[in-house]
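Descriptive structure summary
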Amino acid sequence: MTKHRISRRIAFVGIAAFSFVPSRILAAETIELAWDDLLPEGTSTIPNSLRGIVDHDRASLSSQQPESTGIRTDWNGKTVQLPGFVVPIEYDGTGVTTFLLVPYVGACVHVPPPPANQLVLVISKRPYELEGMFEAVKVTGKLGTASTSTELADVGYVMEATKITPFG
């Protein structure tokens, strides 16, 4: 009988202590990322001064994609949130289901694509209705590394979106 009381006390103390743990720790934690977080340590993004320069003598914008400096695997399988701009790839009706999430407006369409480690291929089971081309959004979902090539660019990351919301 004494062991039973001790077990109940330990359980009660454990439950009481557990109740003081912040709820965000108990829930699946969402990590808010910035584009620099996708780069390997010691590398930097493309300077803003180069983002608008287009070599019109080249065959395609995708051929002007800078080489990637590598990817980070420490976000694999984590639920993350990343803001960016939508470059649609596939639709279901009028909603986009597959798109590139890019760090700046016009990437992959009007200016050369950023390196693969600055592109995320987003796949959503629920079509997202775009307000307009290059809409700014926040995407939440599981992130993984993927060496994927689309007709627009080589891509370093893939995300299974669970939530897409307008940025702002």
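Look a little higher up for the structure.
Residues numbered from 1 in each chain as written. Predicted model: local features only at pLDDT ≥ 70, side-chain atom pairs only at ≥ 80, totals over all residues. Heavy atoms only, no water.

Where strand 4 (residues 120-128) meets strand 6 (residues 154-166), five bridges bridge the pair, whose relative direction is parallel. By the bridge assignment, Val-120 is partnered in strand 6 with Tyr-157. Examined bridge by bridge, strand 5 (residues 136-149) and strand 6 share 11 bridges and lie antiparallel to one another. Within strand 6, the position partnered with Thr-145 by the bridge is Tyr-157. (Pairing = 2+ DSSP bridges. Helix = DSSP H or I, 4+ residues; strand = E, 2+ residues; numbered from the N terminus.)

As a further point, take the environment of Met-159. Structurally, the position occupied by Met-159 is in strand 6. Not counting chain neighbours up to four residues away, the residues in contact with Met-159 comprise Val-80, Leu-82, Val-120, Leu-121, Val-122, Ile-123, Val-139, Thr-140, Gly-141, Lys-142 and Leu-143. (Contact = heavy atoms within 4.5 Å.)

With respect to the secondary-structure elements, Thr-97 resides in strand 3 (residues 95-102). Thr-97 gets classed as buried once you look at its relative accessible area, which sits at 11%. Setting aside its immediate chain neighbours within four residues, Thr-97 contacts Glu-90, Tyr-91, Asp-92, Val-122, Ile-123, Ser-124 and Pro-127. (Buried < 20%, exposed > 50% of the residue type's maximum accessible area, 1.4 Å probe, protein only.)

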